[in-house]
Amino acid sequence: LFILGIIIFFSIHLVPISPLKNVLTNLLGENKYKGLFSLISLIGLLTIIYGFNHADIYLVWNSVTYSKEIALALMPISTILLAASNMQTNIKRILKHPMLIGIIIWSFVHLLANGDLRSIILFASFGLYSLINIIFSKKNSTTNEINNYSSIKDFIAVVIGLIAYMLIILFHNHIAGVAIVFSFI
């Protein structure tokens, strides 16, 4: 089920960077396409979560030395990039793909910290998908936009990203079953 969920989730997420998106949008209309996309994504995500939680754990490698410290250092960058991707920021204007870059960072640090097969498959899938999306995305081309956005929006993205990071640290044990820093909470 875990592998099936990954196939479903990433197959539908590859549609927007393929010619199939235009075919489906013309056939279904924009709203029905988005609804179908969302439904299939949700089914894939729920299948990944269920399958991951029920998959056997096979250790392939031990976590990298200082992987926890590396994750603590890089994850704030990931959450800031994720926050910036949902706003009109200079970060987004310059990087073009802050969400995908944030996911690559998230994948990388989690691959360093988790050497079991199911984690390797999960985090490598997200990282590989993000790389493929960056390479083939039409947004990857240079833009003529030279206007800067207000630095306030960048500041807000940083603050939101850092708040999200702190919440992830505090609740990581409840989210992923692994306490990060505050194991007494």
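That block above? That's the structure.
Cut-off values and rules
- Residues numbered from 1 in each chain as written.
- Predicted model: local features only at pLDDT ≥ 70, side-chain atom pairs only at ≥ 80, totals over all residues.
- Heavy atoms only, no water.
- Helix = DSSP H or I, 4+ residues; strand = E, 2+ residues; numbered from the N terminus.
- Salt bridge = Lys/Arg side-chain N within 4 Å of Asp/Glu carboxyl O.
- Buried < 20%, exposed > 50% of the residue type's maximum accessible area, 1.4 Å probe, protein only.
- Phe/Tyr/Trp six-rings, centres within 6.5 Å; stacked < 30°, edge-to-face > 60°.

Undergrad: When you look at unusual backbone geometry in this model, what are you seeing that I'm missing?
TA: Note on backbone geometry: most residues besides glycine have negative phi, and most peptide bonds are trans. The phi dihedral of Tyr66 is positive, around 65 degrees, even though this residue is not glycine. Looking at the element boundaries, Tyr66 is found in the loop between helix 3 (30-54) and helix 4 (67-84).

Undergrad: Quick question: what am I supposed to make of the pattern of salt bridges here?
TA: Oppositely charged side chains are able to pair whenever their charged atoms sit close together. Overall, the coordinates contain 2 salt bridges when judged by the stated rule. Close ionic contact of Lys34 with Glu30 constitutes a salt bridge, the shortest N to O distance being 3.8 Å. Within this pair, Lys34 and its partner Glu30 are both found in helix 3, separated by 4 residues, close to a single helical turn. With relative accessibility at 35%, the residue Glu30 sits in the partly exposed group. Of the charged contacts in the structure, one is a salt bridge between Arg118 and Asp116, with a shortest N-O distance of 3.4 Å.

Undergrad: How do you make sense of the packing of aromatic side chains when you look at a structure like this?
TA: Here a ring pair, both rings aromatic, is described through the centre-centre distance and the interplanar angle of the planes. One pass over the structure, following the stated rule, counts 8 aromatic pairs. Measuring from centroid to centroid gives 4.9 Å for Phe10 and Phe126, while their planes differ by 80 degrees, and the two rings are edge-to-face. Residue Phe10 is located in helix 1 (residues 2-14), and its partner Phe126 is located in helix 7 (residues 117-136); the two are separated by 116 residues in the primary sequence. Ring centres 5.4 Å apart and planes at 85 degrees place the aromatic pair Trp106 and Phe126 in the edge-to-face group. Here the residue Trp106 occupies a position in helix 6 (residues 98-113), and Phe126 occupies one in helix 7, the gap between them amounting to 20 residues.

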